[in-house]
Amino acid sequence: MEGDGGGPRCLGGAPLGSPPRSRALSEREPILDPSLHHHLDRKIKPWSNDVAVGQESWGESITWVIFLISYWGEQIGQKIRKISDCFHCHVYPYPESEASRADTMSGLQSQIQDLSVVLEETEQYLAQVLDKVVLALPTWRVQVQKMKAIYLVLNQCSFDVTEKCLIAEVWCPVRDLTQVQDALRQGSYKSGSSVECFVQRIPTSESPPTLIRTNKFTAGFQSIVDAYGVASYQEVNPAPYAIITFPFIFAIMFGDVGHGLLMFLFALWMVLFENSPSLRQGLHQIWLTFFEGRYLILLMGAFSIYTGFIYNECFSKATFFFPSAWSVATMANHSSWSSAYLATHQFLTLDPNVTGVFQGPYPFGIDPIWSLATNHLNFLNSFKMKMSVVLGIVHMGFGVLLGVFNHMHFQQRHRLVLEFLPEMVFLLALFGYLVFLIFYKWIKFSAADSLVAPSILIHFIDMFLFTSNAGNLPLYRGQVAVQTVLVVLALASVPVLLLGTPLYLCCRRRARRTGHPAPVAAGEQEPLLEGQEAGNSVNATKEDVESGGHSPDAEHFDFAEVFMHQAIHTIEYCLGCVSNTASYLRLWALSLAHAH
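Residues numbered from 1 in each chain as written. Predicted model: local features only at pLDDT ≥ 70, side-chain atom pairs only at ≥ 80, totals over all residues. Heavy atoms only, no water.

Enquirer: Would you explain the overall build of the chain in this entry?
Expert: When helices and strands are tallied, the chain shows 18 helices and 13 strands. Looking at the chain as a whole, 31% of its 596 residues are labelled buried. Roughly 38900 Å² of accessible area belongs to the chain as shown, and the carbon and sulfur atoms make up 62% of that amount. (Helix = DSSP H or I, 4+ residues; strand = E, 2+ residues; numbered from the N terminus. Buried < 20%, exposed > 50% of the residue type's maximum accessible area, 1.4 Å probe, protein only. Areas by Shrake-Rupley, 256 points an atom, 1.4 Å probe, with all protein chains shown as cover.)

Enquirer: Is there a simple way to think about the environment of Val 494 in this case?
Expert: If you trace the backbone, Val 494 turns up in helix H15 (residues 479-511). Considering only alpha carbons, one finds Val 494 and Glu 423, 71 residues apart in sequence, at a separation of 8.2 Å. Beyond its immediate sequence surroundings of up to four residues, Val 494 is in contact with Phe 426, Thr 570 and Cys 574. (Contact = heavy atoms within 4.5 Å.)

Enquirer: Looking at this structure, how should I read the packing of aromatic side chains?
Expert: To describe a pair of aromatic rings, one takes the distance between the centres and the angle between the planes. Taken as a whole, this structure holds 24 aromatic pairs when the rule is applied. Aromatic side chains Trp 370 and Phe 379 sit 4.1 Å apart centroid to centroid with 5° between the ring planes, which places their arrangement in the stacked category. Both rings, one in Phe 559 and one in Phe 563, keep their centres 6.3 Å apart while their planes meet at 15°; by these two values the pair is stacked. Note that Phe 559 and Phe 563 are positioned in helix H17 (residues 559-583) at a spacing of four residues, about one turn of the helix. By relative accessible area, which is 35% here, Phe 559 ends up partly exposed. Judged by its relative accessible area of 29%, Phe 563 is partly exposed. The ring of Phe 291 is capped by Arg 294, whose NZ or CZ atom sits 4.4 Å from the centre of that ring. Sitting above the plane of the Tyr 311 ring, Lys 384 keeps its charged end 4.1 Å from the centroid. (Phe/Tyr/Trp six-rings, centres within 6.5 Å; stacked < 30°, edge-to-face > 60°. Lys NZ or Arg CZ within 6 Å of the ring centre and 35° of its normal.)

What follows is the structure, given as structure tokens:
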């Protein structure tokens, strides 16, 4: 018989129990109280451990143990029922006659069938409901997102004194004020409000936040720049320049025609199918990162193809687009390469000083014959190391040059003399001179006198030590004196960079203490919204619009704060010039690692 889990229904002296369990029980393991063990004749069916009669909600099967207990006496039967209740057993009476047992089994089978039908119909109903939900889910998602956005904005507003309207204080671009006003008017009209929403400018001395408008092409580059720091209000945004410099610097490390072509084709596929919902709605975060940076990857692949032609590598193998400029036959005809010499020398050296051996530069990139040379790595080491240093210092100099536009825009011309000039002197006197030595050595020394060419690295070290090395010949006359002057200029620019701006601002502040700021004329105010009078609604002075809402005279001056800021800037710049120059050597290291 099938019984519920509430209480046992015992009609005779032999109840059946079926408690659920999570593990198989041993036939020798007692089920009832040991004190009752000697009164009971317990029999456990051998198939009891393999009966699975149900499943939990998470889909795991449940094994039920079925056992038969025969007992004598009603008192023992009551104890058995209590123990069965404690273990949440389903107790079924065991009829004595065969006909009664058959009736009990048929009743249980009918209950099982009824429950199966109910479960099946319930599952079908739930499936139908879920099918309808799937159709309505996109609409519900949009509605929920809109409601969340609306309540997010409303929660950021504050009530007025009467608590009948909301006040929102926001930053808004000047050219978007008209659109904001039109949107508020339409919202008031559609909502049926008797009070029209309006915009009014709030005077503030705070600097506005930076708003940089991007599109699908520039968004990836802007996110990289923002990861290092967001430019202040109205400062030069370096992201447009990073559109070229970032992929190109990557291509210096990843220069390979084959690998760059694969990257370019992968990015081109994402660009061509960028409107596909399957690509935009990817659930994997890594894939979304690749998809958002598809234009960045496209340019990285294109620049890698270009530098791959420069390195003359395709899948790390040299390509022969043009014939080599080195002639082995000429070297063999004009040298003493006898049969005995060839038999005893495993490696042969091509001498460019022999007429006809070296016929001039390769038309584009590196000559492919270097891929067959044993000193290939030594040649690329020197070439890529110097190239990395030159490109790195040019890149840093360009970044410092961008500061000129900020100083000119904010009319801080004193920073041109007290900041920009010392920064350029420090950078060019040390590392710009290093670039000069590299090009000077390339131009002055040829293959004929290359063996006596001095080491640039030793000269650069001696420059900081104010000394000279007798074993390392100078590149030009008066080199030691020039290097000494350059180091002194670089060291003298540091205190100017550190103290120049704070002392200048302090002196200017003291000179203005006795003066009074000139009043703003009415003619200098202009309404920011059409159809509104200046002074009654949204309006601002031209100076506020151009300088971010506050004039330089109204700034609070704290010498300690300015000096601390300038000290941090000086330390970061001086250490950054050294560390960044060393960091650009990664271009050389990673380029060699990728090639091999």
